[in-house]
Amino acid sequence: LPDIDEPIIDLFAAETSSLLSWIYYLLKSELDDITPIISKRIEKEIKRRILDPYLERDDFWWMGFQKSKKVNNWNPWCNSNCLVSFLIIERDIDRKVYAIQKALRSLDTFIEIHHPDGGCDEGSSYWGRAGASLFDCLELLYWGSDGKIDFFDEPLIGEIGRYIYRAHIHDDYFINFADGGAKVKISADLVYRYGKRIEDKRLIDLGIYAYNSQIRRKEDKRLKRSVPDSLLRILPELFNYRELVSMNVAPPYVRDIWLDGIEVMAAREAEGDYKGFYIAAKGGHNAESHNHNDVGQFIVYYDGVPVIIDVGVETYTKKTFSSQRYDIWTMQSKYHNLPTVNGVCQKPGQEYRARDIDYSSNDQLARLSLDMAAAYP
């Protein structure tokens, strides 16, 4: 059973705190008209369960201060929600400043796991809570300091943003290696704002395209209901709505990409057009975040429709993130587009990796070759 005297900051403790902070920010006067007890309770619970533990403890693995576990999307996701609560609820300026300094040190550990290519090895759908949550943090710092804390001209911050259009295939299909889903409903307004901050027209255009596509699907009732974005993302959208719906652009169909850090390539027949063949392939190793044993995996699309697929991942269970992860069929190399050698599959671990990577491209072709022998025992 949980120990109520030891509050743990995890994804949805932090998410709940952020939601209550925004409710407090927007509706405090209305709540106080009912009874001041509501706002006081919000303040007390957030302080007890988020603000104090955040300041007092360094042992939450997602903070990155304990080197025993590599950080992932939990880091910027939790930090973004904690920052919301500190900026809105915390009244002691010294505690607030210390929390911001701590968040910056924690976010450094997330930024440090990225290669200069900005690639997200967790899968494209996880970019929405990895690179996109990093953007949430940087936006909060920018807003809270009236623009004085500004990291958007840092090259790596730009590359992390550009990853999402580089992984885009067509419509809501994205490269889906690791635990990523093949179809991704991106936070379109966030992508648009990210593009404006780093002054990248391709990212801006993807945000506009996705936003208007999502509106059309809602109107013709083809868009399934999904969990809404947090208020941290919904509120800015209110101010950008007219601008977004007034524009109609095509997405930036990039002809070919090579992310040499995460060792992912993709190529389509022509720049700016989803028609024809599209291929994506990967090297890498078998200890990536949300890893599948999939060194050498590839997918093929034609006219924006999947032809040779990566089946992705099932609904998460307690096995998914346990020592039994690779008992699950979706994680095994034999259920990817890969050889099984004398009945033997690839093994998990960083030593099981691609070797002799060679990528080249010119006006006629894009080519990737690799030796996957070392991915097998």
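Higher on the page you've got the structure.
Note that the structure is a prediction, hence the values are computed from the model and not measured. (Residues numbered from 1 in each chain as written. Predicted model: local features only at pLDDT ≥ 70, side-chain atom pairs only at ≥ 80, totals over all residues. Heavy atoms only, no water.)

A. Expanded view of the packing of aromatic side chains. Counted according to the given criterion, the structure contains 18 aromatic pairs. Taken together, a centroid distance of 4.7 Å and an interplanar angle of 15° make the contact between Phe135 and Tyr194 stacked. Separated by 59 residues along the polypeptide, Phe135 in helix α6 (residues 131-144) and Tyr194 in helix α8 (residues 188-198) bring together distant segments of the chain. Take Phe135 and Tyr194: they sit in the same class, and that class is buried. Note on Tyr278 and Tyr301: the rings are 6.4 Å apart at their centroids and 85° apart in plane angle, and the pair reads as edge-to-face. Of this pair, Tyr278 sits in strand β5 (residues 273-282) while Tyr301 sits in strand β7 (residues 298-302); the two residues are 23 residues apart in sequence, bridging distant segments of the chain. This pair shows no difference in class: Tyr278 is buried, exactly as Tyr301 is. Positioned above the aromatic ring of Trp61 is the side chain of Lys69, whose terminal nitrogen or guanidinium carbon lies 4.2 Å from the ring centre. (Phe/Tyr/Trp six-rings, centres within 6.5 Å; stacked < 30°, edge-to-face > 60°. Helix = DSSP H or I, 4+ residues; strand = E, 2+ residues; numbered from the N terminus. Buried < 20%, exposed > 50% of the residue type's maximum accessible area, 1.4 Å probe, protein only. Lys NZ or Arg CZ within 6 Å of the ring centre and 35° of its normal.)

B. Region of interest: the pattern of salt bridges. Taken as a whole and judged by the stated rule, the model has 29 salt bridges. Note that Lys196 is salt-bridged to Glu243, the shortest N-O span being 3.2 Å. Taken as a pair, Lys196 in helix α8 and Glu243 in helix α10 (residues 231-245) lie far apart in primary sequence, 47 residues in all. Taken together, the salt bridges that share partners define one network made up of Lys47, Asp52, Glu90 and Arg95. (Salt bridge = Lys/Arg side-chain N within 4 Å of Asp/Glu carboxyl O.)

C. Representation of the nonpolar core. Residues Ile9, Tyr54, Trp62, Trp127, Ile175, Ile186 and Tyr194 are the most contacted members of the largest nonpolar core, which totals 80 residues. It is α6 that contributes the most residues to this core, seven residues altogether. (Core = buried A, V, L, I, M, F, W, Y, C linked by side-chain atoms within 4.5 Å.)

D. Expanded view of unusual backbone geometry. Even without a glycine there, the phi angle at Asp146 is positive, about 55°. Relative to the elements of secondary structure, Asp146 occurs in the loop between α6 and α7 (155-166). For Ala178, which is not glycine, the phi dihedral falls at a positive 60°. One can find Ala178 in the loop between β2 (173-174) and α8.

E. Representation of the environment of Asp303 within the structure. In this fold, Asp303 is placed in the loop between β7 and β8 (305-308). Separated by 28 residues in the primary sequence, Asp303 and Lys275 have C-alpha atoms spaced 4.2 Å apart. The contacts of Asp303, once residues within four sequence positions are left out, are Tyr274, Lys275 and Gly276. Of the polar contacts made by the side chain of Asp303, one reaches the backbone nitrogen of Gly276; its length is 2.7 Å. (Contact = heavy atoms within 4.5 Å. Polar contact = N/O pair within 3.5 Å; in protein donor to acceptor, adjacent residues only side chain to side chain.)

F. Focus on helix α3 (residues 74-88). With 15 residues, α3 extends 21 Å from end C-alpha to end C-alpha; this agrees with the ideal 21 Å at 1.5 Å per step. Within α3, twelve of the 15 residues are buried, which leaves the element mostly enclosed by the surrounding structure. Of the residues making up α3, those classed as buried are Asn75, Pro76, Trp77, Cys78, Asn79, Ser80, Asn81, Cys82, Leu83, Val84, Ser85 and Phe86. On its buried side, α3 packs onto α1 (11-34), α2 (37-56), α4 (93-111), α6 and α10. (Expected span 1.5 Å × (residues − 1).)

G. Expanded view of the pairing of β8. As judged from the three bridges shared by β7 and β8, these two strands associate in the antiparallel manner. Note that in β8 the partner of Tyr302 across the bridge is Val305. A loop of two residues connects β7 with β8, the two strands running antiparallel in sequence, and Asp303 in this loop sits at a positive phi of about 50°. (Pairing = 2+ DSSP bridges.)

H. A look at the side chain of Asp179. Here Asp179 lies in the loop between β2 and α8. Among the polar contacts listed, one links the side chain of Asp179 to the side chain of His292, at a separation of 2.7 Å. Those residues within four positions of Asp179 in sequence are excluded, and the remaining contacts are Glu122, Ser125, Tyr126, His290, His292, Val313, Tyr316, Phe321, Arg325 and Met331.

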